[in-house]
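# Understanding the architecture of this molecule
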Amino acid sequence: MDAYSEIIINATDKLSTAVVKIEQFDKKQGRDVVTGTGTGFLFSSDGYLFTNSHVVKQAKQLRAILYDGSLHSASLIGDDPYTDLAILKIEAVDYTPAVMGNSDDLKIGQLVIAIGNPLGFQHTVTAGVISALGRTLSGEAGVAMDSMIQTDAALNPGNSGGPLINADGEVIGVNTATIRGAQGLCFAISINTASSVANQLIRYGKVKRAYIGVSMQQVGLVPKLRAIHQLKNQQALFVTNVEGNSPADKGGILSGDIIYAFNDKMIETSDQLFKLLTGDKVGQFQYFSVLRNNQKQELRITPAER
């Protein structure tokens, strides 16, 4: 086999027991009737697993089907429609949990692999590259989802909630969506954001976060710009859209601004900004440093609660 195939085989082998099929089902006339399916993956030794919020939405009962065909009843620990993430828990022991990667280290063009159950076909593997980072995508909840990884690894209905992994078999995203009508545009929630959400869902059953109302894309800063403004950033966040009457709009952020710091802390990725926009920031002045027309500006924004 060629080296490319070996990389994919070795990476997917590391998740062979962690990826599960999620089924929604209901009892009708004494029989189990499946009403929806998706994918999930176990990330802890005590049975916690990731999937998408829309996979478990309005579920009567949930179960997970493991690699060996065994069925396990699944309990919903919490879900967050704003990031399309949900945490389930099952009672199982014979598996190896997935290893989490670091989505702050991702590069455009990097090889990625998606594992899931598209159209009900279990443990299907597709591969591609990262085509963009730090995207903002409109989700089913009708609000913008930040920290999205854009990839051309093929996804179909049923892939939702499955892992996006790197060449080392580490999870770097949770697959969530495709753009209907587009070819080769698929998205995953970055694992750093997903892990932050998971911690809150497991502890509190919900997520409290601050919201400013911008769509962003992660971009590289050219050396000349960094030198002129003495910036340590290699990357920053380009504002592609500002929601009307949002905290960002009221505070003066404009489309085309480049956010490079938050409260004097360097910002290079949307994951970093997500972690800093915690619930305690709601209603309190926060300072955003931006580049506008090649000039530095500091803007005072008061985040609202999403």
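Residues numbered from 1 in each chain as written. Predicted model: local features only at pLDDT ≥ 70, side-chain atom pairs only at ≥ 80, totals over all residues. Heavy atoms only, no water.

## Brief notes about the pairing of strand S12 (residues 171-178)
The buried fraction of S12 is high, at 6 of 8 residues. Pairing analysis gives 3 bridges linking strand S11 (residues 163-165) to S12, with the strands arranged antiparallel. By the bridge assignment, Ile-165 is partnered in S12 with Val-171. Counted between consecutive antiparallel strands, the loop separating S11 from S12 contains 5 residues, among which Gly-169 sits at a positive phi close to 80°. When S12 meets strand S13 (residues 186-190), the two strands line up antiparallel, connected through 5 bridges. In the strand pairing of S13, Asn-175 is matched with Ala-188. (Buried < 20%, exposed > 50% of the residue type's maximum accessible area, 1.4 Å probe, protein only. Helix = DSSP H or I, 4+ residues; strand = E, 2+ residues; numbered from the N terminus. Pairing = 2+ DSSP bridges.)

## Quick look at the side chain of Asn-159
If you trace the backbone, Asn-159 turns up in the loop between strand S10 (144-151) and S11. Residue Asn-159 is classed as buried on the basis of its relative accessible area of 3%. The contacts of Asn-159, once residues within four sequence positions are left out, are Thr-39, Ile-115, Gly-116, Asn-117, Pro-118, Ala-154 and Asn-175. (Contact = heavy atoms within 4.5 Å.)

## Quick look at the pairing of strand S16 (residues 235-242)
In this structure, strand S15 (residues 214-220) lies alongside S16, joined through 7 bridges in antiparallel fashion. For Gln-218, the partnering residue across the bridge sits in S16 and is Leu-237. Bridge count between S16 and strand S17 (residues 258-262): 2 bridges; the pairing is antiparallel. Each bridged residue has a counterpart across the sheet, and for Phe-238 the counterpart in S17 is Ile-258.

## Comments concerning the sheet that holds strand S2 (residues 31-42)
Reading across from one edge, S5-S4-S1-S2-S3-S7-S6 is the order of the 7 strands in this open sheet, with antiparallel pairing throughout. The sheet terminates laterally at strand S5 (71-73) and strand S6 (75-80), the two strands that pair on one side only. Between one strand and the next, the sheet's axes are offset by a mean angle of 35°, whatever the strand orientation. As defined by bridge partners, S6 adjoins strand S7 (residues 85-89) across 5 bridges and the pair is classed as antiparallel. (Axes fitted to C-alpha atoms, helices over the stretch in contact; angles between N-to-C directions.)

## As for the environment of Leu-225
For Leu-225, the location among the structural elements is in helix H4 (residues 223-229). Between the C-alpha atom of Leu-225 and that of Ser-160, which follows or precedes it by 65 residues, the distance is 39 Å. Excluding residues that lie within four positions of it along the chain, Leu-225 makes contacts with Leu-291 and Asn-294.

## Topic: the side chain of Thr-17
Relative to the elements of secondary structure, Thr-17 occurs in the loop between helix H1 (3-13) and strand S1 (19-28). The class of Thr-17 is buried, set by a relative accessible area of 14%. At 2.8 Å, the side chain of Thr-17 and the backbone nitrogen of Thr-96 are in polar contact. Ignoring any residue separated from it by four or fewer positions in sequence, one finds Thr-17 in contact with Leu-42, Tyr-67, Tyr-95 and Thr-96. (Polar contact = N/O pair within 3.5 Å; in protein donor to acceptor, adjacent residues only side chain to side chain.)

## A short note on unusual backbone geometry
A positive phi angle, close to 50°, is found at His-123, a residue other than glycine. Along the chain, His-123 turns up in the loop between strand S8 (111-116) and strand S9 (124-138). You will see that Gln-230, though not glycine, has its phi angle at about 55°, which is positive. By the element assignment, Gln-230 lies in the loop between H4 and S16. Looking at Gln-230, the relative accessible area reads 71%, which means it is exposed.

## Here we look at the environment of Phe-285
For Phe-285, the location among the structural elements is in the loop between helix H6 (270-276) and strand S19 (286-292). For Phe-285 and Gly-251, which are 34 residues apart along the polypeptide, the C-alpha to C-alpha distance reads 9.9 Å. In this view, Phe-285 contacts Arg-300, Ile-301 and Thr-302; residues no more than four positions away in its chain are not counted.

## Focus: the packing of aromatic side chains
The description of two aromatic rings rests on the distance between their centres and on the angle between their planes. Throughout the structure, instances matching the rule amount to 3 aromatic pairs. With a centroid separation of 5.4 Å and 40° between ring planes, the pair formed by Phe-41 and Phe-50 is classed as tilted. Residue Phe-41 is classed as buried on the basis of its relative accessible area of 0%. Taken together, Phe-41, Phe-43 and Phe-50 form an aromatic cluster joined through their ring pairs. Residue placement shows Lys-89 over the ring face of Tyr-48; its charged tip is 5.3 Å from the ring centre. Across the ring face of Phe-285, the terminal group of Arg-300 is positioned such that the distance to the ring centre comes to 3.7 Å. (Phe/Tyr/Trp six-rings, centres within 6.5 Å; stacked < 30°, edge-to-face > 60°. Lys NZ or Arg CZ within 6 Å of the ring centre and 35° of its normal.)

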